[in-house]
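So the chains spell out like this:
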Amino acid sequence: MSRYLNSRYAEMEAYVPGEQPRDKKYIKLNTNESPFPPSRSVLEAIDRAVIEDLRLYCDPTCRALREKLGEIYSVSPDCVYLAGGSDDILNFAFMAFGEKGSVYPAISYGFYSVFAALHGSAAEEIPLEDDLSIDPSKYYGKNKLVVIANPNAPTGLLLGLDAIEQIVVSNPDGVVVIDEAYIDFGGESALPLIEKYDNLLVVRTYSKSRSMAGARLGFAFGSPELIADLEKLKYSTNPYNVNAMTQAVGLAALCEDDYYMQNCRTIIENREYTATELRRLGFTVTDSKTNFVFAKTDKMSGAELYRRLREEGILVRHFSTPEICEYNRITVGTLDDMKATVSAIKKILELE
Ligand SMILES: *Cc1c(COP(=O)(O)O)cnc(C)c1O
C-alpha cells in the first residue's frame, strides 16, 4: 500500500477470487463455471464485422440485449439493466441503495461485505440457522438495503418465492436485492414480483448457467426507476460498461437459449448423482439447488480433504470461516468429472 491511498480504503479487505491455477491441469470444480462451452451461435458472433467495429464506441444503452432479454423474460426493456458481470451490479446496488445500511446473511457471497465496506454502508450480518438455512423473518422490517443470494452461496439452499415476497413486502423503505446467480439450476425466480414491488431488484449473470464467466456479463430486473438509478451511476463512471464483443456474444447466446437450459438440466442430474454418491459415503450434503454441492464428512477435516483432492488433480473450494470450515464446495461438472471426484474421495478416505 502506498501512502497516497485514500484512508477510507486503507483498512478495507478486498475480495479474494477462487484460484485459476496454471501449474497443472486440474478437474476444475472450484469457481462454479459451466463445464460446457458456449453455444455455436456465440462462436460465430465474433466475426470480422464485430472486430472492425471495435474502432467505435459500443452502444452504451445495450439496446439489442435489453430488448432480447425483455422478450425472453417478458418484461419491458426499461426494466432491464446490463453490466460487466453481476458483481458490477451488486457494487452499484450498495453504492446506490446502501446509505441507510445494509443487511445480508453472515454466510453468503463474500463480495457483499466488501461492497458494504467500499461504500461505507453500515452492515448487519445475520447468522444462518443451525441447518445453514436462512430464516426470512429475520429480514423483516429492516427498511435498509437487504441482499439475499437465492439460492444462497455457498450453502446452495433455496428460499421459496413466498419467503422472498414476504421480505420484499416487509421492507417498503429499503431496496431488496435478490442475487439469482444460480436460479437456473432449479429455483423459482422472483422476477414476476418486480411488477408489484418497486423496491425489488433481481440480479442475474451469464457466468454460471450460460457458460460465459470470462465474457463478464450480468443483468438485473427492477422498476424503471430503480434501473434509472443504476444507469445514473453507470453514466457517472463508465457508460460503455459492456464492451462490443460481450454485447455481441451475449445476444448470440440468447438466440440459442434452449442449449443452455438443456445444459442446466444435465448439471442438475449430475448434481443429484454427486449428492447421492457422497451421502452413500456418509457425507452430510446440503439440498443444493445450484451448480455445486456443499458437503462435509466426519472422517476428515474440510481443509485436509481440499488439500488431498488438490493433490489428486481435483480443485474444489474450501472456506475457512468457522461455521462452514468442515465443508467443501464442489462445482458440478460433467458426469465424468463427478465420477472422477467421487472415486478420488473414496481413495482418499480409504472407502470400499
Ligand atoms: C458467481 C456469483 C456472482 C458473480 O457473478 P459475475 O456475474 O461473474 O460477476 C454473484 N453472486 C453470486 C452469489 C455468485 O455466486
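J.: How would you sum up the domain arrangement of the chain? Please name residues and give values.
T.: Annotation of the chain at the domain level lists domain 1 (7–37 + 258–348) and domain 2 (40–256). Domain 1 and domain 2 are separated by 24 Å when their C-alpha centres are compared. If you look at the interface, domain 1 gives 34 residues, while domain 2 gives 31 residues. Summed over both partners, the interface of domain 1 with domain 2 buries about 2,500 Å², with 69% contributed by carbon and sulfur atoms. For the pair domain 1 and domain 2, the interface holds zero salt bridges.

J.: Lay out the sheet that holds strand 9 (residues 284–285) with the relevant residues and their values.
T.: Backbone-to-backbone hydrogen bonds join strands into a sheet, with any given pair of strands oriented parallel or antiparallel. Reading across the sheet, the three strands line up as 9-10-12 and stay open at both edges, with antiparallel pairing between neighbours. The open sheet has two free edges, formed respectively by strand 9 and strand 12 (327–331), since each of these has just one partner strand.

J.: Requested: an account of the site of the ligand, with residues and values cited.
T.: Looking at the ligand, the residues that line it are Gly85, Ser86, Asp87, Tyr109, Asp179, Ala181, Tyr182, Thr205, Ser207, Lys208 and Arg216. In the environment of the ligand, an oxygen atom lies 3.0 Å from a nitrogen or oxygen atom belonging to the backbone of Asp87. Side-chain polar atom of Ser207 to an oxygen atom of the ligand: 2.6 Å apart, as the coordinates give it. When the ligand is considered free in solution it has 390 Å² of accessible area, and contact with the protein chains removes 93% of it. Here the shell around the ligand is composed, by residue class, of three nonpolar, four polar and four charged.

Analysis parameters
Residues numbered from 1 in each chain as written. Predicted model: local features only at pLDDT ≥ 70, side-chain atom pairs only at ≥ 80, totals over all residues. Heavy atoms only, no water. Domains from an automatic or database assignment. Contact = heavy atoms within 4.5 Å. Buried area = accessible area lost by both parts, 1.4 Å probe. Salt bridge = Lys/Arg side-chain N within 4 Å of Asp/Glu carboxyl O. Pairing = 2+ DSSP bridges. Helix = DSSP H or I, 4+ residues; strand = E, 2+ residues; numbered from the N terminus. Near = heavy atom within 4 Å. Polar contact = N/O pair within 3.5 Å; in protein donor to acceptor, adjacent residues only side chain to side chain. Areas by Shrake-Rupley, 256 points an atom, 1.4 Å probe, with all protein chains shown as cover. Nonpolar A, V, L, I, M, F, W, Y, C, P; charged D, E, K, R; others polar.

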